[in-house]
Structure formats: C-alpha cells, structure tokens
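Results of the structural survey
The lines below spell out each chain.
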Amino acid sequence: MTVVSYLLYGLVGSGAALALVRLALGPSLLDRVVATDTLLVIISAGLAVYAALERDPTVVPVLVVVSLLAFVGSVSIARYVGGMLVRAHTSDGRDVGLPEAAEERNGSGVQR
C-alpha cells in the first residue's frame with residue numbers, strides 16, 4: 001500500500017471514531033441522528049475509497065445500498081420530528097414550539 005492509501009484510510013477511520021464519540025455523547029436525539037447519518041456517509045466514503053484504490057467494482061452495489069439507507073433514515077427522522085412539531089400546535093392556532101425537553105435546555109424556556 002502507498003502512503004496515500006494509508007492517509008485516506010486514516011482519515012476515514014478518524015472521522016468514524018469522531019462520529020462514534022458524538023453518537024455516544026450526543027445530549028439529544030437529533031445529535032445522535034446526525035451522528036448516525038454522518039457515520040453512514042463515512043462508511044460510504046470508506047467503501048468508495050476502497051473501490052477506487054483496489055479498482056474493485058463489485059463494491060458499488062453495497063455503496064448504493066448504504067447511501068440509500070442513509071437517505072431514507074434521514075428523511076424518516078426529519079418527518080418524525082416534523083410531525084412532533086405539527087402536533088405541538090394549540091387549539092387556538094398558536095405554536096407552542098419544541099417539546100418540553102428542548103425548551104429546558106434553552107434555560108429560560110424562551111424559544112430561539
């Protein structure tokens with residue numbers, strides 16, 4: 001292996017390690033979702049680096065499946081969180097904002 005391949009695999013590995021740290025430490029659900037999506041993108045990048053360096057086209061279907069999984073997962077979580085916000089409206093039409101746990105992190109309960 002060349003120096004470039006070691007460098008690329010090192011960068012992909014360090015990115016994956018940082019994403020795993022964010023996944024473990026993330027204080028909210030959305031932080032963990034973003035970390036999971038980032039980890040799936042890094043896995044896709046790692047597969048692409050492997051396919052390019054080894055000139056192995058058999059990895060491309062796996063790359064497509066991982067990319068679709070990341071996309072569908074992100075859209076599903078966005079729809080779920082969006083549904084939480086839509087259901088948070090009061091009967092008089094006012095928007096009460098984010099769920100209570102998110103407002104507690106703001107400190108004063110004031111929406112930003």
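Residues numbered from 1 in each chain as written. Predicted model: local features only at pLDDT ≥ 70, side-chain atom pairs only at ≥ 80, totals over all residues. Heavy atoms only, no water.

So, on to the environment of serine 14. Its place among the elements puts serine 14 in helix α1 (residues 3–25). What makes serine 14 partly exposed here is its relative accessible area of 36%. Placed 28 residues apart in sequence, serine 14 and isoleucine 42 show a C-alpha to C-alpha distance of 9.9 Å. (Helix = DSSP H or I, 4+ residues; strand = E, 2+ residues; numbered from the N terminus. Buried < 20%, exposed > 50% of the residue type's maximum accessible area, 1.4 Å probe, protein only.)

Along the polypeptide, serine 44 turns up in helix α2 (residues 29–54). With sequence-adjacent residues up to four places away left out, serine 44 is seen in contact with Leu63, Val66 and Ser67. (Contact = heavy atoms within 4.5 Å.)

Bringing the confidence of the model for the protein into the picture now. Across the protein, the average pLDDT comes to 81, with 73% of residues at or above 70. Of all helices and strands in the protein, the one with the weakest mean pLDDT is helix α4 (residues 100–106) (53), whereas α1 scores best (93). (pLDDT = per-residue confidence, 0-100.)

On to α1. Helix length check: α1 (23 residues) gives 33 Å between terminal C-alpha atoms against 33 Å at 1.5 Å per residue, within 8%. When we look at burial in α1, the residues that qualify are Ser5, Ala16 and Ala19. Where α1 is buried, its residues meet α2. (Expected span 1.5 Å × (residues − 1).)

As a further point, take the environment of tyrosine 9. Looking at where tyrosine 9 falls in the secondary structure, it is placed in helix α1. Among the residues examined, tyrosine 9 registers a relative accessible area of 27% and is labelled partly exposed. For the pair tyrosine 9 and glycine 46, spaced 37 residues apart in sequence, the C-alpha separation works out to 7.3 Å.

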